[in-house]
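Architecture and fold: a report
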Amino acid sequence: MAAFVIAGGKRLEGEHILQGAKNSALPILAATVASGGECVVHGCPRLSDVDATLNILRHLGCGVRQEGHTVTVDASTLCHGAIPGILMHEMRSSIVFLGPLLAALGYAELTAPGGCEIGLRPIGLHLDAMRALGVELHNDAGRLSFSAGQGLRGARFSLSFPSVGATENLMIAAARAKGVTVLSNAAREPEILDLARFLNACGARVTGAGGGTVVIEGVARLHGAEHTVIPDRIAAVTFLTAAAVTGGELLLRKAVPEHMDAVLATLEQAGCRLRRLPEGILLRAPQRLRHLPSLRTMPYPGFPTDAQAGMMALAGIAAGTTIVTETIFENRFRHVAELCRMGANIRVEDRVAVVEGVARLHGAEVDACDLRAGAALSVAGLAAEGTTRVRDIRHIERGCERLETALSALGASIYKEEEAESNEQTDSAGSAAERN
Ligand code: EPZ
């Protein structure tokens, strides 16, 4: 397993250009299937989850070209709507191919994408939304066959929870339904509005995205389009907290302050000085971070669950006690045990973590249990005394583009230890442990 090796204590300073949003690129790339034409998507980050999405597009018969951060998809050659389990299981968000395939072909054959490190990740809301549009579902031992026999038809539908993925699937399928669809209690994330903008560029008629009620007037056909993905507000948290915990100063170019109100307010509560600029966000860290009165993850525009681990790493060295409540996913505290290996003082009771800030963390061998936990442990390593090895960084590479290169450019001492090298280190550490 490859690892990041981090020598802590270096102050980060400088500027970084923020990557395009993974959680916008993935649904938009899937939605190209519904366009029936050629789509050019700029700002696609170079990530393993994007690679997995492009593999599915190729499997479905689409032409795919990736040059730098631009992906060109020719959906005119789409030839079937069946995605095998091996491709569905490569990442959770493969379920967002459901709406596009129903829009393009009127059918889809998928397996449930399965759970992941942070929770069971059920898809019941997706299934209810598709049924509302007239889709029939057959489940044959986990192989899900969807069919809009009489064609997709517009409907009124309310989500019991503002699921991001279910909102995306419904918007894309409804774009090709007969009639108007009104979706209430929709997810409001910036990525939803970005997807709506892409769909409208393809000839769809989506209004209200980003608010709680989205109205989609179905059209007979869509066409190709060109689009640039919004910047990644969650990757922004990694860089802003990295500067904050090292007493540094960072200009995060392309970051969109309006996408991050809850996160920026939290950083200001911790004592960071922030300036919202046209070109991005400027952060100056305080000498000592103040504790956060409390952190409670909520659907957007509340504090994002994807920022919880990173902010906990910051709270771990802040002066005082921070109460963190994770309301979105049932297993999203796996970074706590790893932070405690580094000397953090954190107690967990169900979905509440009590973080008693300590003066310094110390380096340790830790495991990246999931994408955002791994990024948070890397940030903690930057602030820790001594050397930290963050193992199994494939999780981090799902969502952070070349994190080690970007942090090094800001003054961090971090390098990537390749698989073989890393296994040797672990073996020797293991045998050393046996000898003791
Ligand atoms: C998206 O996942 C993001 N992923 C997640 O980011 C993010 O944490 C999540 O939204 C919440 O903001 C992508 O956009 C690719 P949900 P999604 O459906 O769509 C429950 C990251 O690190 N639920 O809004 O899967 C679910 O169990 C990832 O980048 C149902 O119960 O999230 C969870 O508790 C992690 N039934 C809650 O809703 C369903 O049918 C939120 O899930 C669907 C969801």
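Residues numbered from 1 in each chain as written. Predicted model: local features only at pLDDT ≥ 70, side-chain atom pairs only at ≥ 80, totals over all residues. Heavy atoms only, no water.

**Details of the overall build of the protein**
- Across its full length, the protein carries 15 helices and 23 strands.
- What you see for the protein is a C-alpha radius of gyration of 22 Å, in line with the 22 Å of a compact globule of 436 residues.
- A burial count over the protein gives 57% of its 436 residues as buried.
- Sequence separation of at least 24 residues holds for 71% of the intrachain contacts in the protein that already meet a minimum separation of 6. (Helix = DSSP H or I, 4+ residues; strand = E, 2+ residues; numbered from the N terminus. Rg over C-alpha atoms; globule rule 2.2 N^0.38 Å. Buried < 20%, exposed > 50% of the residue type's maximum accessible area, 1.4 Å probe, protein only. Contact = heavy atoms within 4.5 Å.)

**Focus on the state of the cysteines**
- Taken as a whole and judged by the stated rule, the model has 0 disulfides.
- Free cysteine Cys62: the closest other cysteine sulfur is in Cys79, separated by 8.0 Å.
- Judged by its relative accessible area of 6%, Cys62 is buried.
- Unpaired in terms of disulfides, Cys340 finds its nearest cysteine sulfur in Cys369, a separation of 12 Å.
- When its relative accessible area of 29% is taken as the criterion, Cys340 is described as partly exposed. (Disulfide = S-S within 2.5 Å.)

**Focus: the site of the ligand**
- Within the structure, the ligand sits among 23 residues, and Leu125, Ser163, Asp306, Ile328 and Arg372 are positioned closest to it.
- Here an oxygen atom of the ligand and a side-chain polar atom of Arg121 are 3.0 Å apart.
- If the ligand stood free it would expose 830 Å²; the protein chains cover 85% of that surface.
- Contributing elements (two or more residues each) for the shell around the ligand: α1 (22–35), α5 (124–132), α6 (164–174) and α12 (371–383).
- In terms of residue count, α5 provides more of the shell around the ligand than any other element does, 3 residues in total.
- The residue makeup of the shell around the ligand, split by class, is 9 nonpolar, 7 polar and 7 charged.
- Split by domain, the residues of the shell around the ligand number at least three in each of domain 1 (3–18 + 232–434) and domain 2 (22–228). (Near = heavy atom within 4 Å. Polar contact = N/O pair within 3.5 Å; in protein donor to acceptor, adjacent residues only side chain to side chain. Areas by Shrake-Rupley, 256 points an atom, 1.4 Å probe, with all protein chains shown as cover. Nonpolar A, V, L, I, M, F, W, Y, C, P; charged D, E, K, R; others polar. Domains from an automatic or database assignment.)

**Points about α5**
- For α5, every residue scored as buried is listed here: His126, Leu127, Ala129 and Met130. The arc enclosing the buried residues of α5, seen along the axis, measures out at 160°, which places them on a common side.
- Phi for Gly134, located one or two positions after α5, is positive at around 95°. (Arc of directions from axis to C-beta.)

**Some points on the side chain of Thr325**
- As for its position among the elements, Thr325 is in strand β18 (residues 321–325).
- Those residues in contact with Thr325 that sit more than four places away from it in its chain are Leu295, Arg296, Thr297, Arg351 and Val352.

**Brief notes about the sheet that holds strand β23 (residues 413–417)**
- If you walk across this open sheet you meet the 4 strands as β21-β22-β1-β23, and the pairing is mixed. Single-partner strands in this sheet number two, and they are β21 (365–367) and β23. The sheet shows a mean angle of 20° between the axes of neighbouring strands, direction not considered. (Pairing = 2+ DSSP bridges. Axes fitted to C-alpha atoms, helices over the stretch in contact; angles between N-to-C directions.)

**Structural notes on the confidence of the model for the protein**
- Here the protein averages 95 in pLDDT, and 97% of its residues register 70 or above.
- Every residue in residues 432–436 is under pLDDT 50, and counting partners more than four places away or in other chains gives 0 contacts. (pLDDT = per-residue confidence, 0-100.)

**Here's the deal with the domain arrangement of the protein**
- Per the domain assignment, the segments making up the protein are domain 1 (3–18 + 232–434) and domain 2 (22–228).
- Relative placement of domain 1 and domain 2: their C-alpha centres are 31 Å apart.
- Across the interface of domain 1 and domain 2, roughly 1,700 Å² is buried in total on both sides, 51% from carbon and sulfur atoms.
- When the buried area of domain 1 at its contact with domain 2 is split by residue, Tyr300, Arg398 and Glu401 rank highest and sum to 35% of it.
- Between the two partners, domain 1 and domain 2, sit 2 salt bridges. (Buried area = accessible area lost by both parts, 1.4 Å probe. Salt bridge = Lys/Arg side-chain N within 4 Å of Asp/Glu carboxyl O.)

**Considerations on unusual backbone geometry**
- Backbone torsion omega between Tyr300 and Pro301 reads 10°, so that peptide bond is classified as cis.
- For Asp350, which is not glycine, the phi torsion reads 60° and is therefore positive.
- Position of Asp350 relative to the elements: it lies in the loop between β19 (345–349) and β20 (352–356).
- Asp350 gets classed as exposed once you look at its relative accessible area, which sits at 71%.

**Re the sheet that holds strand β9 (residues 156–158)**
- Spatially, the 4 strands line up as an open sheet ordered β9-β10-β12-β11, and their pairing is mixed. Where the open sheet ends on each side, the last strands, each with one partner, are β9 and β11 (205–207). Each adjacent strand pair in this sheet contributes to an overall mean axis angle of 15°, direction not counted.
- Summarising the sheet, β9 and strand β10 (residues 180–184) pair through 3 bridges and their orientation is parallel. Opposite Ser158, over in β10, you have Ser184 as the bridge partner.

**Comments concerning α6**
- For α6, a buried count of 10 out of 11 residues is recorded, marking the element as mostly surrounded by other parts of the structure.
- For α6, the N-terminal cap is Ser163; the gap from its side-chain oxygen to the backbone nitrogen of Ala166 is 2.9 Å.

**What about the environment of Arg398?**
- Its place among the elements puts Arg398 in the loop between α13 (394–397) and α14 (403–409).
- Considered as a pair, Arg398 and Asp51 are 347 residues apart in the sequence and their alpha carbons are 9.2 Å apart.
- Not counting residues within four places of it along the chain, the set of residues in contact with Arg398 comprises Lys22, Leu47, Ser48, Asp49 and Leu371.

**Considerations on the pattern of salt bridges**
- Scanning all chains against the criterion turns up 21 salt bridges.
- Across the salt bridge formed by Glu15 and Arg253, the nearest N and O atoms sit 2.5 Å from each other. Within this pair, whereas Glu15 is found in strand β2 (residues 13–17), its partner Arg253 is found in strand β14 (residues 249–253), the two being separated by 238 residues in sequence.
- A salt bridge links Glu338 to Arg341, with the nearest nitrogen and oxygen atoms 3.1 Å apart. Residue Glu338 and its partner Arg341 are both found in helix α11 (residues 334–341); the two are separated by 3 residues, about one turn of the helix.

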